[in-house]
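What the coordinates show
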Amino acid sequence: MSDHLTFENLTVGEAQRVCVPVLKAANIDEPVMETRMLLGFVLGGGPERVLADRDNTLTSQQSKLLSDIVGQRSHRVPMSHILGQREFWSMIFKVTGDTLTPRPDTETLVEAVLENVSPPPKRILDLGTGTGCILLALLSEWGDAQGVGVDVSDKALAVALDNAQSHKLDVRASFVKNDWEQSEWTDVWSEPFDVVVSNPPYIPQADIANLDVDVRDYEPMSALVGGDDGLDAYRRITDGLNSLISPGGVVGFEVGIDQAGDVAGILERAGFRVLETRNDLGGIPRAVIGCKT
Ligand SMILES: C[S@@+](CC[C@H](N)C(=O)[O-])C[C@H]1O[C@@H](n2cnc3c(N)ncnc32)[C@H](O)[C@@H]1O
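Just so you know, the residues in each chain are numbered from 1, in the order the chain's sequence is written. In keeping with the model being predicted, local features are shown solely for residues with a pLDDT of at least 70 and side-chain atom pairs are shown and tallied solely at 80 or more, while totals for entire chains, interfaces and linings include all residues.

1. What to know about the nonpolar core
V113, L138, V196, V263 and V288 are the most contacted members of the largest nonpolar core, which has 55 residues in total. Once residues lying within four places of it in the same chain are set aside, the contact partners of V113 are L138, V195, V197, V250, G252 and I289. Buried Ala, Val, Leu, Ile, Met, Phe, Trp, Tyr and Cys residues whose C-beta atoms connect them within 7 Å together make up a nonpolar core. Labels follow a simple rule on C-beta atoms placed from the backbone: if 20 or more others lie within 10 Å of a residue's own, it is buried; if 12 or fewer, it is exposed; otherwise it is partly exposed. The contact criterion used here is simple: two residues whose C-beta atoms, placed from the backbone, lie within 7 Å are in contact.

2. Description of unusual backbone geometry
A cis amide bond links S118 with the next residue in sequence, P119, at an omega value of -5°. Secondary structure follows DSSP: runs of H or I at least 4 residues long count as helices, runs of E at least 2 residues long count as strands, and numbering of each begins at the N terminus. You can see P119 is positioned in the loop between α6 (104-116) and β3 (123-127).

3. Let's talk about the site of the ligand
Placing a C-beta atom from the backbone of each residue, we mark the residue near a molecule or strand if the atom is within 6 Å of it. Of all residues adjacent to the ligand, which total 22 residues, the nearest are G128, G130, V152, N199 and A223. Ten residues, namely Ala, Val, Leu, Ile, Met, Phe, Trp, Tyr, Cys and Pro, are considered nonpolar, four, namely Asp, Glu, Lys and Arg, are considered charged, and the remaining ones, Gly among them, are considered polar. Class assignment of the residues belonging to the shell around the ligand gives a composition of 11 nonpolar, 8 polar and 3 charged.

4. Side note on the pairing of strand β9 (residues 285-292)
The two faces of a sheet get side chains in turn, since along a regular strand they alternate between them. Judged by how many residues are buried, β9 sits mostly within the fold: 6 of 8 residues are covered. The criterion for strand pairing is that DSSP finds at least two bridges linking the strands in question. Two elements, strand β7 (residues 245-254) and β9, share 5 bridges in a ladder whose sense is antiparallel. Within the sheet, the bridge partner assigned to V251 lies in β9 and is G290. Two elements, strand β8 (residues 272-279) and β9, share 7 bridges in a ladder whose sense is antiparallel. Looking at β9, one finds that R278 is bridged to A287.

5. What to know about helix α1 (residues 12-25)
Expected helix span is given by 1.5 Å per residue-to-residue step, counting one fewer step than there are residues. Between its first and last C-alpha, α1 extends 20 Å over 14 residues, near the 20 Å set by a 1.5 Å rise per residue. All buried positions along α1 are accounted for by V12, A15, C19 and L23. Down the axis of α1, the sector holding all buried residues measures 60°, keeping them to one side. Exposed residues on α1 whose side chains face more than 90 degrees from its buried face are R17, P21 and A25. Looking at the packing, one finds that the buried side of α1 touches α2 (31-42), α3 (48-52) and α4 (60-74). Directions pointing from the helix axis toward each C-beta atom define the arc.

6. With respect to the domain arrangement of the protein
When the parts of a complex come together, some accessible area is lost, and that lost area is often taken as the interface size. Domain boundaries in the protein define domain 1 (2-75) and domain 2 (85-292). Computed from C-alpha coordinates alone, the two centres of domain 1 and domain 2 are separated by 35 Å. Note: domain ranges come from an automatic or database domain assignment.

7. Here's the deal with the packing of helix α10 (residues 232-244) against helix α11 (residues 260-269)
In this description, a line fitted to the C-alpha atoms serves as the axis of each element, helices being fitted only across the stretch in contact, and the angle between N-to-C directions of two axes falls anywhere from 0 to 180 degrees. Between α10 and α11, whose axes approach to 10 Å, the crossing angle comes to 20°. As judged from the angle between their axes, α10 and α11 are roughly parallel. Between α10 and α11 the crossing geometry is right-handed. Contacts between α10 and α11 involve Y234, R235 and T238 from the first element and V263, I266 and L267 from the second. Looking at the contact of α10 with α11 residue by residue, the classes come out as 4 nonpolar, 1 polar and 1 charged. Any angle between 65 and 115 degrees counts as roughly perpendicular, while under 35 counts as roughly parallel, over 145 as roughly antiparallel, and the rest as oblique. By definition, turning the near helix anticlockwise from the far helix through less than a right angle yields a left-handed crossing, and turning it clockwise yields a right-handed one.

In structure tokens form, the structure reads like this:
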């Protein structure tokens, strides 16, 4: 339906009135806000441009771009892929189809880690770094820390490095390819870390089919699937934790719905003390923080 939309000779205000029902018909939850975001992008600014430019006529190039991206969004291409970025921890992160889009839920992990680590750490390890959002958010708060982001995906690592550079954190952040499924994956580090964080893939295989189309069809599967019960990566990473964390060091995991108790159990069986389980803004236990005794 929206594939043949044309916005030629329409003002910004008129185009807005055309877009909103199109996105609504595609079951987009917030069609007004998303229309403003798409129009703002076309106008070369943010959503605030829409009001300021409402009486201006779109150029032919702007009309074509708008038609293209409204079409994409109504086919449920994620907004972050269309805009190429997402805000996280008040920082802008480049996002591509090779990286998980940073989620507000993950800010819960960042917050919980920041509040459970004292004094500020020197060395941080982020396992499954994706865009680098967790590591870079922590480095933005801990000005003397150095961090390593690990991912199995070369393409994700390239995006994370771009993000580190654009936030001028690349002097303190490095990114390395590694795979926690491989034996001896921890051997590459001779010095332990003060903090290890991870938001690993945690969706049980059987639940993948029921995810929103925006996620299921566009986010990388390797960032989502956590095996039959969703807990494979937690077990695997925890197996390596004793050689990765210094005594008194802290581990922080993001967890999926109903996984906090299981993940706390995995940590305790490996000799860690659970310091806190923190809920996200929706009241779901979302971050489990442990300490090496
Ligand atoms: C849920 S995403 C998290 C991305 C980012 N940290 C965030 O919070 O937005 C999980 C990440 O783990 C990576 N990953 C999956 N399996 C891995 C493995 N065996 N070894 C290392 N990284 C892995 C994926 O490529 C993906 O970037």
